[in-house]
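Okay, here's what each chain looks like letter by letter:
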Amino acid sequence: QVQLVESGGGLVQPGGSLRLSCAASTSVLSLSVMNWYRQAPGNERELVASITGIYGGGTITYADSVKGRFTASVDNAKNMIYLQMNSLKPEDTAVYYCNGRLRGRSYWGQGTQVTVSS
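Residues numbered from 1 in each chain as written. Predicted model: local features only at pLDDT ≥ 70, side-chain atom pairs only at ≥ 80, totals over all residues. Heavy atoms only, no water.

Student: An account of the environment of Glu91 is needed here, citing residue identities and associated values.
Tutor: Inspection of the secondary structure assignment puts Glu91 in the loop between strand S8 (80-85) and strand S9 (94-102). Measuring from C-alpha to C-alpha, the distance between Glu91 and Thr115 comes to 9.1 Å, with 24 residues separating the pair along the chain. (Helix = DSSP H or I, 4+ residues; strand = E, 2+ residues; numbered from the N terminus.)

Student: Lay out the packing of aromatic side chains in plain terms, naming residues and giving numbers.
Tutor: Taken as a whole and judged by the stated rule, the model has 2 aromatic pairs. Ring centres 5.0 Å apart and planes at 55° place the aromatic pair Tyr37 and Trp108 in the tilted group. Taken together, the positions of Tyr37 in strand S4 (residues 33-39) and Trp108 in strand S10 (residues 105-108) put the pair 71 residues apart, joining distant regions of the chain. On the basis of an interplanar angle of 85° and a centroid distance of 6.4 Å, the ring pair of Tyr97 and Trp108 is categorised as edge-to-face. (Phe/Tyr/Trp six-rings, centres within 6.5 Å; stacked < 30°, edge-to-face > 60°.)

Student: If you had to explain the nonpolar core to someone new, which residues and values would you point to?
Tutor: The biggest cluster of nonpolar side chains holds 31 residues, and the ones touching the most others in it are Leu4, Met34, Trp36, Phe70, Leu83, Met85 and Tyr96. Secondary structure elements with two or more residues in this core: strand S3 (18-24), S4, strand S5 (46-52), strand S7 (70-75), S8, S9 and strand S11 (112-116). (Core = buried A, V, L, I, M, F, W, Y, C linked by side-chain atoms within 4.5 Å. Buried < 20%, exposed > 50% of the residue type's maximum accessible area, 1.4 Å probe, protein only.)

Student: Quick rundown of the sheet that holds S7? Include the residues and the values.
Tutor: Reading across the sheet, the 4 strands line up as S1-S3-S8-S7 and stay open at both edges, with antiparallel pairing between neighbours. Each edge of the open sheet carries a strand with a single partner, namely strand S1 (4-7) and S7. Across the sheet, the mean angle separating the axes of adjacent strands is 15° when strand polarity is ignored. Direction of pairing for S3 relative to S8: antiparallel, over a ladder of 6 bridges. Its bridge partner lying in S8, Cys22 is registered against Ile81. (Pairing = 2+ DSSP bridges. Axes fitted to C-alpha atoms, helices over the stretch in contact; angles between N-to-C directions.)

The structure is reproduced here in structure tokens:
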């Protein structure tokens, strides 16, 4: 079983920045894919960023809504992934979740709240 723990959420004003972290209980190199999702009240869970081919260095794709503003990254030495969020907008307000896949099974963190408001 894989445990994932997110941190770094909080309240930020529009235009501000936050950096989310996700700590994994196993080597991220063993995971076939790692993702950042978010879910706002009343909305479906949305894929924000996907990291594939981690063992080979990682290939990252982004949702159009965050492209150019968010940057995902991997630190395999620390078994962590990150989501740097810049130029935040109120519509970015959501609970952000870390997700990883191992041997065909998905694992989820508990989520961290991001609120963008003046």
